[in-house]
Amino acid sequence: MPCDSTCHDMRAVPPLTSGEKEGSPIMGRHKLLLYAYAALAIAMMAVIFWFSAQVGTDSSSKSDAIAAVICSKLVFGYDSLSVDAQDSLFSTVTFAVRKTAHMTEYAVLGALYCLTLCQLGKVRGIHVRGGGRKGYVAWALAVAYASTDEIHQLFVDGRSGMASDVVIDSIGAAVGILLVLAVLKRQEKKQGSGSAQS
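To start, this report covers the structure provided alongside it. None of the values given here were measured: they were computed from a predicted structure. (Residues numbered from 1 in each chain as written. Predicted model: local features only at pLDDT ≥ 70, side-chain atom pairs only at ≥ 80, totals over all residues. Heavy atoms only, no water.)

What follows deals with the overall build of the chain. Assigned secondary structure in the chain consists of five helices and zero strands. Counted from the first residue to the last, the chain has its helices and strands arranged as α-α-α-α-α. Classification of the 198 residues of the chain by burial places 32% in the buried group. Residue pairs in contact within the chain that sit at least 24 positions apart in sequence constitute 74% of those at least 6 positions apart. (Helix = DSSP H or I, 4+ residues; strand = E, 2+ residues; numbered from the N terminus. Buried < 20%, exposed > 50% of the residue type's maximum accessible area, 1.4 Å probe, protein only. Contact = heavy atoms within 4.5 Å.)

See below:
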């Protein structure tokens, strides 16, 4: 029988054991984790939406407050700088704070998307080597949400939608997804070595 593109990613696994079948305690835990990851992903989407719904002045004040703490507490000699130098450094730190927040938000969201999809595979009895395909889907979902988020900001007073922010968000999502896949791969190796020893 000819093999389609999915065959190369599918791992040959035995049928589900009695402990993994529908209604078993193990399957129950798989479903519980699935619901938990999905709920956390939805909650993270709501948090991002809430931040994006804040008007420009409120959003800027939060970034400025964090930047002020960083400059005053972590930058040695900041108070001795000239006013122009302080303003320049403060603007740079504020920009870094805002973009780091973007990356962090989407790193978390991408990780949660990936965990949800991988857990869904376990519930459905689909085992994919390394979870790479699920990682691509999770990244596409995160980029799609980032795009809608920037469109959302076009309708918020004092905010603007920027394609560059979508790029930053997509990088953050990729980092989160890669971290999840690395951890899952490590767990698979440990389980494989444990099974071989037993």
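Moving on, there is more to tell.
Within the largest apolar cluster, 23 residues are counted, with the highest numbers of intra-cluster contacts made by Y106, L109, Y113 and C114. Among the elements of the structure, α1 (25-53), α3 (83-124), α4 (132-153) and α5 (163-197) are those that each provide at least two residues to this core. Non-local contacts of C114, meaning those with residues more than four positions away in its chain, are made with G135, A138, I177, V180 and L181. Counting five residues, the second-largest nonpolar core is a separate cluster that includes A67, Y78, V93 and V97. (Core = buried A, V, L, I, M, F, W, Y, C linked by side-chain atoms within 4.5 Å.)

Glancing now at helix α2 (residues 56-74). The end-to-end C-alpha distance of α2 is 26 Å, a good match for the 27 Å that 19 residues give at a rise of 1.5 Å each. Those residues of α2 that fall on the buried side of the exposure criterion are G56, S59, S63, A67 and C71. Looking down the long axis of α2, one finds its buried residues gathered within 95° of arc, a one-sided arrangement. When the buried face of α2 is taken as reference, the exposed residues oriented beyond 90 degrees from it are T57 and K73. On its buried face, α2 sits against α3. (Expected span 1.5 Å × (residues − 1). Arc of directions from axis to C-beta.)

So, about a nonpolar patch on the surface. Residues M103, V167, I171, V175 and L179 make up a contiguous nonpolar surface patch of roughly 420 Å² in combined accessible area. With four residues, α5 is the single largest residue contributor to the nonpolar patch. With respect to the helices and strands, L179 occurs in helix α5. By relative accessible area, which is 56% here, L179 ends up exposed. (Patch = residues over 30% accessible without salt bridge, like charges linked within 9 Å, V, L, I, M, F, W, Y side chains within 5 Å. Areas by Shrake-Rupley, 256 points an atom, 1.4 Å probe, with all protein chains shown as cover. Salt bridge = Lys/Arg side-chain N within 4 Å of Asp/Glu carboxyl O.)

This brings us to the pattern of salt bridges. Going through the model one piece at a time under the given rule, you end up with one salt bridge. Among the salt bridges present, the one from D165 reaches K99, with a minimum N-O distance of 2.6 Å. Taken as a pair, D165 in helix α5 and K99 in helix α3 lie far apart in primary sequence, 66 residues in all. Overall, the relative accessible area of 4% leaves D165 in the buried class. Judged by its relative accessible area of 14%, K99 is buried.

Packing of α3 against α4 brings their axes to within 9 Å, and their N-to-C directions diverge by 140°. Comparing the axis directions of α3 and α4 gives the class oblique. For α3 against α4, the interelement crossing comes out right-handed. Contacts between α3 and α4 involve H102, Y106, L109, G110, Y113, C114, L117, C118 and G121 from the former and K134, G135, V137, A138, L141, A142, Y145, A146, D149 and E150 from the latter. The residue makeup of the contact of α3 with α4, split by class, is 12 nonpolar, four polar and three charged. (Axes fitted to C-alpha atoms, helices over the stretch in contact; angles between N-to-C directions. Parallel < 35°, antiparallel > 145°, perpendicular 65-115°, else oblique. Left-handed = near helix turned anticlockwise from the far one by under 90°. Nonpolar A, V, L, I, M, F, W, Y, C, P; charged D, E, K, R; others polar.)

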